[in-house]
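# Notes for the structure review
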Amino acid sequence: MCDQDHYDDDLAKYLERSNLSRRDLGALSLGVGLALLLPRAADALDVKEQDVEVKTPDGTADAYFVHPAAGSYPGVVVWPDVLGLRPAFRAMGKRLAESGYSVLVVNPFYRSKRAPAVPDGASFADQKVRDAVLPLAQALNATTHTTDAKAFVAWLDQQPSVAKNKKIGTQGYCMGGPMAFRTAAAAPDRVGAVASFHGGGLVTTQPNSPHLQASKTKAQFLIEIADNDDKRAPTDKTTLKDTFEAAKLPAEIEVYTGAAHGWCPPDSQVYNEPAAEKAWTRLLALYSKALA
């Protein structure tokens, strides 16, 4: 996941490649609203959106729910990155719903703080922001991931806009990658697709490592790895490939050359639009075949 030890080095390398300064990035953050104007498909569906609350064993989780205005569609659980549920992830959830999915974007930090956990335009480059969100992330673990996942999947199955005869998808960004893996393991008969974008900590030495949950699932996987994450842990992709092969699970694994950790959310300081659009295309391809 995002962490202070690596972030400064990663950002410095990105700035060097792009000829941007920290001042430039600060100016860009003021235009975050423009960044959230993600491409809209020509055949985009009209959608309905609302803030919702989901009961879990540990309390009430606030979340954003968006779905096509008419009919029922496959459900999707979206796990945000370390900055949590915020406008960028609402925009991404809405875009996915316009493609024909009923999307629940969750606040993983609900036990401690309602969303948003950070103010608009906040950057992980800001030490104060890191000091605010890292303790929230570190308070979560495999148990909370699993209990939350079960609650979110069950909540989706109670919604008229969710097709019960179709599988559910789940996608995670940064720290959300492991949460997506655990969602599939927590509800193997319902979750048919898992996507991880610049996921952190997918492979660890612990007996409950996220990658080891794959054998408990019946899902198809999409693993999109940041260039700098791959350089930091170059054997992870091979471990993942071997794990999926052993479990006989379909999986697409790719390292995005030149894309830094955090390249997908449009408010990220290392947002890479071409790479993000490629990843989005692969996500839609996964869902079209695995959730049909």
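Please read all numbers here as calculations on a predicted model, not as lab measurements. Every chain begins its residue count from 1, and numbering advances along the sequence as written. Local features in this predicted model are restricted to residues whose pLDDT is 70 or higher, and side-chain atom pairs enter the listing and the counts only when it is 80 or higher, whereas totals over whole chains, interfaces and linings include all residues. The basis for every side-chain value is the complete set of heavy atoms in the structure, and neither hydrogens nor water enter the calculation.

The next subject is the pattern of salt bridges. Salt bridge, as used here: a side-chain nitrogen of Lys or Arg that lies within 4 Å of a carboxyl oxygen of Asp or Glu. Scanning the entire structure with this criterion turns up 17 salt bridges. Across the salt bridge formed by Asp229 and Arg232, the nearest N and O atoms sit 3.0 Å from each other. Remark: Arg232 and Asp229 occur in helix H8 (residues 227-232); sequence separation between them is 3 residues, near one turn of the helix. Here the salt bridges share partners, and the residues they tie into one network are Asp58, Arg111 and Asp148. Working definition: helices are DSSP H or I runs of at least four residues, strands are E runs of at least two. Numbering for both runs from the N terminus.

Here, expected helix span is obtained from the residue count minus one, scaled by 1.5 Å. Here helix H6 (residues 142-157) contains 16 residues, and its C-alpha end-to-end distance of 23 Å stays within 8% of the 22 Å for a straight helix at 1.5 Å per residue. Think of it in three bands: with a 1.4 Å probe and only protein chains considered, a residue is buried below 20% of the maximum accessible area for its type, exposed above 50%, and partly exposed in between. Where H6 is concerned, the buried positions are Ala142, Thr144, His145, Asp148, Ala149, Ala151, Phe152, Val153, Trp155 and Leu156. As used in this structure description, the phrase polar contact means that two N or O atoms lie within 3.5 Å; if the pair is within protein, one of them must be able to donate a hydrogen and the other to accept it, and residues adjacent in sequence are counted only when both atoms belong to side chains. The N-cap of H6, judged by a side-chain oxygen 2.9 Å from the amide nitrogen of Thr143 a few residues on, is Asn141.

A few words on the packing of aromatic side chains. Working definition: rings of Phe, Tyr and Trp (its six-membered ring) pair if their centres are within 6.5 Å, and the pair is stacked with planes under 30 degrees apart, edge-to-face with planes over 60 apart, and tilted otherwise. Here the structure, examined in full by the defined rule, presents 9 aromatic pairs. Through successive ring pairs, a cluster of aromatic residues spans Phe89, Tyr173 and Phe197. When the ring centre of Tyr256 is taken as origin, the NZ or CZ atom of Lys278, which lies over that ring, is 4.9 Å away. Placement of a positive charge over a ring is assigned whenever Lys NZ or Arg CZ falls within 6 Å of the ring centre and within 35 degrees of the normal to the ring plane.

Moving on, we get to the sheet that holds strand S8 (residues 251-256). Being paired, for any two strands, means DSSP has found at least two bridges between them. Pairing is mixed across the open sheet formed by 8 strands, whose spatial order is S1-S2-S4-S3-S5-S6-S7-S8. Every interior strand has two partners, whereas the edge strands, strand S1 (47-56) and S8, have only one. Geometrically, the sheet is characterised by an average inter-axis angle of 15° between neighbouring strands, direction not taken into account. Relative to strand S4 (residues 102-106), strand S2 (residues 59-68) is paired through 4 bridges, and the arrangement is antiparallel. Paired with Tyr64 across the strands is Val105, a residue of S4. Against the sheet, helix H4 (residues 87-97) contacts S1, S2, strand S3 (75-79), S4 and strand S5 (168-173), and its axis sits at roughly 45° relative to S2. Contacts are residue-level and defined by heavy atoms, with any inter-residue pair within 4.5 Å sufficient. With axes taken as lines fitted to C-alpha atoms, and helix axes fitted only over the stretch in contact, angles between N-to-C directions fall between 0 and 180 degrees. Against the sheet, H6 contacts S1, S2, S3, S4, S5 and strand S6 (191-197), and its axis sits at roughly 130° relative to S1.

The residue Gln269 is located in the loop between S8 and helix H10 (273-290) in this model. Owing to a relative accessible area of 16%, Gln269 belongs among the buried residues under this scheme. In terms of polar contacts, Gln269 uses its side chain to reach the side chain of Ser123, at 3.0 Å.

Before going further, it helps to spend a moment on the packing of H4 against H10. As a packed pair, H4 and H10 sit with axes 12 Å apart at the nearest point and diverge in direction by 45°. As judged from the angle between their axes, H4 and H10 are oblique. Of the two possible hands of crossing, H4 and H10 adopt the one that is right-handed. In this structure, H4 contributes Met92, Arg95 and Leu96 to the contact, and H10 contributes Glu277, Trp280, Leu283, Leu284 and Tyr287. Of the residues that constitute the contact of H4 with H10, the class distribution is 6 nonpolar, no polar and 2 charged. Should an angle fall under 35 degrees it is called roughly parallel, over 145 degrees roughly antiparallel, and 65 to 115 degrees roughly perpendicular, with every other angle called oblique. Crossing handedness is read from the near helix: turned anticlockwise from the far helix by less than a right angle, it gives a left-handed crossing, and turned clockwise, a right-handed one. For this scheme, ten residues count as nonpolar: Ala, Val, Leu, Ile, Met, Phe, Trp, Tyr, Cys and Pro. Four count as charged, namely Asp, Glu, Lys and Arg, and the remainder, Gly too, count as polar.

The next subject is the nonpolar core. Residues enter a nonpolar core if they are buried and are Ala, Val, Leu, Ile, Met, Phe, Trp, Tyr or Cys, with the set joined through side-chain atoms within 4.5 Å. Within the largest apolar cluster, 49 residues are counted, with the highest numbers of intra-cluster contacts made by Val82, Leu104 and Phe221. Not counting chain neighbours up to four residues away, the residues in contact with Leu104 comprise Val52, Val54, Ala63, Tyr64, Phe65, Val76, Val77, Val78, Phe152, Trp155 and Leu156. Core analysis: the next-biggest nonpolar cluster, separate from the first, contains 34 residues, Val76, Ala259, Tyr271 and Ala290 among them.

With 12 residues, helix H9 (residues 236-247) extends 16 Å from end C-alpha to end C-alpha; this agrees with the ideal 16 Å at 1.5 Å per step. Every buried residue belonging to H9 is among Leu240, Thr243 and Phe244, and all of these are buried. Considered in projection along H9, the buried side chains sweep an arc of 95° and stay on one side of the axis. Against the buried residues of H9 lie helix H7 (176-186), strand S7 (220-226) and S8. The directions considered for the arc run from the helix axis to the C-beta atoms.

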